[in-house]
Amino acid sequence: MAARAWFKPVVVSAPSKLILHGEHAVVYGRTALAASLGMRTHMTIEALSERVQVDFPDIGVRKEWPLALIRQKLFPRRPPHLVPGEVDRVFTQVIHDFLGVSQGDLAHASLICFFYLFSIICDPGVGMAIHVRSEIPIGAGLGSSAALSVCLATGLLAIQAEFQPKGCDTSRAAISDWAFLSEKILHGTPSGVDNAISTFGGLIRFAQGRIEVQERLPCLRILLVNTQVSRRTKDLVDRVRVQHAAHPRVIGPIFDAISGVSESALAILRALEQDDTGAEEHYGQLAQLIEYNQQLLRTLNVSHASLDLICAIALEFGLQAKLTGAGGGGFAFVLLPPSINEKSVLLIRDRLEERGFVCQETELGVEGVVIQPAQSSDSFESQPISAS
Ligand SMILES: Nc1ncnc2c1ncn2[C@@H]1O[C@H](COP(=O)(O)OP(=O)(O)O)[C@@H](O)[C@H]1O
Ligand SMILES: C[C@@](O)(CCOP(=O)(O)O)CC(=O)O
Ligand SMILES: [Mg+2]
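Residues numbered from 1 in each chain as written. Chains lettered and ligands numbered in written order. Predicted model: local features only at pLDDT ≥ 70, side-chain atom pairs only at ≥ 80, totals over all residues.

With respect to the overall build of the chain
- Looking only at helices and strands, the chain has eleven helices and twelve strands in total.
- What you see for the chain is a C-alpha radius of gyration of 21 Å, in line with the 21 Å of a compact globule of 388 residues.
- Counting only C-alpha atoms and orienting by the principal axes, one finds that the chain spans roughly 65 × 50 × 40 Å.
- Looking at the chain as a whole, 46% of its 388 residues qualify as buried. (Helix = DSSP H or I, 4+ residues; strand = E, 2+ residues; numbered from the N terminus. Rg over C-alpha atoms; globule rule 2.2 N^0.38 Å. Buried ≥ 20, exposed ≤ 12 C-beta atoms within 10 Å, placed from the backbone.)

Concerning the UniProt feature "domain: GHMP kinase N-terminal" (unreviewed entry) in the chain
- In this numbering, the UniProt entry assigns the feature "domain: GHMP kinase N-terminal" (unreviewed entry) to residues 126-202.
- End C-alpha to end C-alpha, residues 126-202 measures 34 Å, and it is 57% helix and 9% strand. (UniProt positions renumbered as here; feature names shortened; annotations may be inferred.)

Brief notes about unusual backbone geometry
- Following Asp123, the chain continues into Pro124 via a peptide bond in cis, with omega recorded as 10°.
- Here Pro124 shows up in the loop between α3 (109-121) and β5 (128-134).
- With a phi close to 60°, Glu50 is a non-glycine residue in the positive phi region.
- Located in the positive-phi region is Gln228, a residue other than glycine, with phi close to 65°.
- One can find Gln228 in the loop between β8 (222-226) and α7 (233-246).
- Looking at Gln228, the number of C-beta atoms within 10 Å reads 14, which means it is partly exposed.

Description of the UniProt feature "domain: GHMP kinase C-terminal" (unreviewed entry) in the chain
- In this numbering, the UniProt entry assigns the feature "domain: GHMP kinase C-terminal" (unreviewed entry) to residues 281-338.
- Along residues 281-338 the backbone is 53% helical and 16% strand, and the end-to-end C-alpha distance reaches 12 Å.

Details of the pairing of strand β6 (residues 203-207)
- Extensive coverage of β6 is indicated by the burial of four of its five residues.
- Strand direction decides the pairing type here: strand β2 (residues 32-47) and β6, joined by four bridges, are antiparallel. Looking across to β6, one finds that Ala32 is bridged to Phe206.
- Strand direction decides the pairing type here: β6 and strand β7 (residues 210-214), joined by five bridges, are antiparallel. Counterpart to Ile204 in the pairing with β7 is Val213.
- Two successive antiparallel strands, β6 and β7, enclose a turn made up of two residues, where Gln208 displays a positive phi of approximately 50°. (Pairing = 2+ DSSP bridges.)

With respect to the nonpolar core
- If you look at the biggest cluster of nonpolar residues, it comprises 114 residues, and the most contacted ones within it are Ala34, Leu117, Val225 and Phe333.
- If you count residues domain by domain, this core takes at least three from each of domain 1 (10-212 + 366-372) and domain 2 (218-360). (Core = buried A, V, L, I, M, F, W, Y, C linked by C-beta atoms within 7 Å. Domains from an automatic or database assignment.)

Section: the site of ligand 1
- As a structural note, the neighbourhood of ligand 1 is formed by 22 residues, with Ser110, Ser134, Ser144, Ser145 and Thr233 the closest of them.
- At the level of secondary structure, the elements contributing two or more residues to the shell around ligand 1 comprise α3, β5 and α4 (144-163).
- Element by element, the count of residues in the shell around ligand 1 is highest for α4, at three residues.
- If you count residues domain by domain, the shell around ligand 1 takes at least three from each of domain 1 (10-212 + 366-372) and domain 2 (218-360). (Near = placed C-beta within 6 Å.)

Remarks on the packing of helix α2 (residues 89-99) against α3
- Viewed as axis vectors pointing N to C, α2 and α3 meet at an angle of 115°, and their least axial separation amounts to 10 Å. Two packed elements cross with a definite hand, and for α2 against α3 that hand is right-handed. Each of Phe91, Thr92, Ile95, His96 and Leu99 in α2 lies in contact with α3, whose residues at this interface are Leu111, Ile112, Phe115 and Tyr116.
- Considered class by class, the residues forming the contact of α2 with α3 number seven nonpolar, two polar and no charged. (Axes fitted to C-alpha atoms, helices over the stretch in contact; angles between N-to-C directions. Left-handed = near helix turned anticlockwise from the far one by under 90°. Contact = placed C-beta atoms within 7 Å. Nonpolar A, V, L, I, M, F, W, Y, C, P; charged D, E, K, R; others polar.)

Topic: the domain arrangement of the chain
- Per the domain assignment, the segments making up the chain are domain 1 (10-212 + 366-372) and domain 2 (218-360).
- Distance between the C-alpha centres of domain 1 and domain 2: 28 Å.
- Taken together, the contact between domain 1 and domain 2 spans 23 residues of the former and 28 residues of the latter.
- Breaking the side of domain 1 that touches domain 2 down by element, the ones donating at least two residues are β1 (10-21) and β2.

Comments concerning the sheet that holds strand β11 (residues 358-360)
- The strand order across the open sheet formed by four strands is β9-β10-β8-β11, and the pairing between neighbours is antiparallel. Looking at which strands have only one partner, the edges of the open sheet turn out to be β9 (321-324) and β11. Pairs of neighbouring strands in the sheet enclose a mean axial angle of 30°, with direction left out of account.
- Direction of pairing for β8 relative to β11: antiparallel, over a ladder of three bridges. Paired with Asn226 across the bridge in β11 is Val358.

As for the site of ligand 2
- The environment of ligand 2 is made up of 16 residues, and the closest members are Pro190, Ser191, Thr233, Gly325 and Ala326.
- Looking at side-chain class alone, the shell around ligand 2 contains seven nonpolar, seven polar and two charged residues.
- Of the residues that make up the shell around ligand 2, three or more belong to each of domain 1 (10-212 + 366-372) and domain 2 (218-360).

Describing the environment of Gln208
- The topology assignment puts Gln208 in the loop between β6 and β7.
- Under the C-beta neighbour-count criterion, Gln208 is labelled exposed, with 11 such atoms within 10 Å.
- Remark: the alpha-carbon pair of Gln208 and Arg30, spanning 178 residues in sequence, is separated by 7.0 Å.

Things to note about helix α8 (residues 248-274)
- Compared with an ideal rise of 1.5 Å per residue, which puts 27 residues at 39 Å, α8 spans 39 Å between its outermost C-alpha atoms and is within 8% of the ideal.
- Within the span of α8, buried status applies to Ile251, Ile254, Phe255, Ile258, Ser259, Val261, Ser262, Ala265, Ile268, Leu269 and Leu272.
- In this structure, the buried side of α8 is in contact with β1, β2, α7 and α9 (279-299). (Expected span 1.5 Å × (residues − 1).)

Below, the structure is given as structure tokens:
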């Protein structure tokens, strides 16, 4: 079949995320509570004649291939199933060979994700220039990989839907499933919480692949603290897996306790949203849960000296902090109760920044993935994405 030629430019953005509670335990089916964050990844895809050009400046990748070569080398080897499922490791090896890179090559992991999704979703292939730029710190626990995966899935599905309006599912549920496949290519065994929150936005309760979008979110104020210590999600997840395999009867109950923290925190957030008369007591309970969870994550050996120091500094101000995401560095967050005065917030920020940490406040519970009107095309219209 001949390759297709032209499509309208697609502009997509997807948010980062904050895991309030449940990281690591969620990989083992327990409950996590996650909110979307104001920083986003932006992607544009434009038609390009007979070539595929990938520009990922954040990781220093800019390359181009003839479409005919991709169709010849990759398409005959793609997995037969045209719905997202398990990663076909034979096909990822085919892509590695095509790109001439080795399996562990991190800089090329994003390229592997792109070619995997492109080969399956864009049938029978179309020339394109894809450009991705992110406001999200990469490899720090705020879900940059999921935002990338969600952008790729959304953009490629939108293009395919132009050629094949019937039979191409572009719902949020389908986007999240394709992005989950991409996350599996990057991480091996992700829980799916990151792609779910980046797709749906807001606040979600997530367990065993079930996404429960929470209709209302009380206005939580948190201080994000970047340790500036880089780490890889996969390494931390592997570290926990080794411990779980060695001591399932010890580590399993820790996962249960973390899950309990997520459920309790959700109950308190719902109570806060409905009635803020008992706000002070509720914030006290939320702070207590943050402290418990940080201790549990420390027991799982995924904290780090920098994260422990942030928690200690927060405590000097009577505040609680915990790591967010995989840990081992990356980000922590500090809960700022409504009773706190601005002078204390400035003081705590100063104390943290004196120690080399970078602090910021950003919006919580923002919109999930959006397809925006393309600036370069007058004819492009904003496309709503259905929920399921
Ligand atoms: N803007 C981007 N451009 C290209 N690749 C990206 C981008 N953002 C994230 N990635 C991919 O995601 C990986 C980081 O994922 P991960 O270790 O899960 O950390 P995070 O907590 O940020 O999701 C990077 O090594 C890269 O492969
Ligand atoms: C540790 C984990 O629970 C969250 C990882 O988040 P991040 O990649 O650090 O943003 C892993 C997962 O849920 O797949
Ligand atoms: Mg990630």
